[in-house]
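Observations on the three-dimensional arrangement
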Amino acid sequence: MGIDFHAKENQRTYTGRTVDESWFNLIGSLVNPAGKRVIDIGCGGGIYSQAWSSLGASSVIGVDFSQVMLEGAKEQCADDPTITFVQGDALATGLASGSADIVFARALIHHLQDLDAFFAEVERLLAPAGICIIQDRTVADVQMPASRVHLRGYFFERFPGLIQKEMNRRPDDQEVRSSIEKAGLASKDTISLWEVRREYDSWSILEADLLLRKGRSILHELNDEQLQQLVDHIKDRLGGPEKIVEQDCWSIWTGEKRVGK
């Protein structure tokens, strides 16, 4: 199985969510986006393209290989003239060299087979002194214990076989840093971020989100019957009517293009 990013029924799976303050705070500690040109590779539904625009970026170009995803992104960002979208490959975007002050990629690199080629493209896109910010989960990130906050942990508690899928696709911290350096970018220490994904006022809202597999590619590894079993499992573990504030653990890598390159 696995998600089909080109299927019309998945067009809005990465739309309809707002970015939490926890992410904005992290970005603010790394870079001042005001007046900067941003390229968001693997932009999906455009949620983070929108976030970069709200931080004052002069322009944001969202790139995705799926025209279906881009149609959803255009709906998400229809009222923002700062943002444009381009269909392109993450390893060969077709955009001009040196056209970005910031290159961003969230939840992308675990889908890629060639990190060296990806970071070579990132380096090409960056202007001198530009920075790339890469956000994804390592195996250690997804293996954080299940809790009322870390709902993703319940996925693997109920279906341990999903961990093997994650081990096969999740990047290794040192591998990412090595690829950044190999591309000629200056790599800094990896940062860990607990990002609030969404606040749910009731179980029914979370249940609907899960059953739609909204923004969760790993759930496409389960059939409908298994998904219902997982939802029942999470409901049993959570209990109670309290608001649910879901968070995910992420790794953040940065690479800076050296002046003169």
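Above this text is the structure in question.
Presented here is a report on the structure given in the accompanying data block.

Rules behind the numbers
Residues numbered from 1 in each chain as written. Predicted model: local features only at pLDDT ≥ 70, side-chain atom pairs only at ≥ 80, totals over all residues. Heavy atoms only, no water. Buried < 20%, exposed > 50% of the residue type's maximum accessible area, 1.4 Å probe, protein only. Helix = DSSP H or I, 4+ residues; strand = E, 2+ residues; numbered from the N terminus. Arc of directions from axis to C-beta. Polar contact = N/O pair within 3.5 Å; in protein donor to acceptor, adjacent residues only side chain to side chain. Pairing = 2+ DSSP bridges. Right-handed = clockwise from strand over helix to strand, strands pointing away. Phe/Tyr/Trp six-rings, centres within 6.5 Å; stacked < 30°, edge-to-face > 60°. Lys NZ or Arg CZ within 6 Å of the ring centre and 35° of its normal.

**Re helix H8 (residues 173-182)**
Residues Val176, Ser179 and Ile180 constitute the buried set of H8. Looking straight down H8, one finds that the buried residues subtend no more than 105° of arc, so they occupy a single side. Residue Asp172 occupies the N-cap position of H8, its side-chain oxygen lying 3.1 Å from the main-chain nitrogen of Gln174. Just beyond H8, the residue with positive phi is Gly184, at close to 95°.

**As for the pairing of strand E4 (residues 100-106)**
Burial within E4 is extensive, with seven of its seven residues counted as buried. Looking at chain direction, strand E1 (residues 37-41) and E4 are connected through three bridges and run parallel. Across the sheet, residue Ile39 finds its bridge partner in E4, namely Val103. The sheet contact formed by E4 and strand E5 (residues 126-136) spans six bridges and is parallel. Each bridged residue has a counterpart across the sheet, and for Ala105 the counterpart in E5 is Ile134. As a crossover connection, the stretch from E4 through helix H4 (residues 115-125) into E5 is right-handed.

**So, the packing of aromatic side chains**
On inspection of all chains with the given rule, the structure shows ten aromatic pairs. Ring geometry for Phe5 and Tyr14: centres 6.3 Å apart, planes at 25°, overall stacked. Take Phe5: its relative accessible area is 15%, and that puts it in the buried class. Between Trp23 and Phe104, the ring centres sit 5.7 Å apart and the planes meet at 70°, which makes this aromatic pair edge-to-face. Here Phe104 lies in strand E4 and Trp23 lies in helix H1 (residues 21-30), a separation of 81 residues in the sequence. Of the aromatic side chains, those joined through ring pairs into one cluster are Trp23, Phe24, Tyr48, Trp52 and Phe104. In this structure, Arg137 is placed above the aromatic ring of Trp250, and the distance from its NZ or CZ to the ring centre is 3.9 Å.

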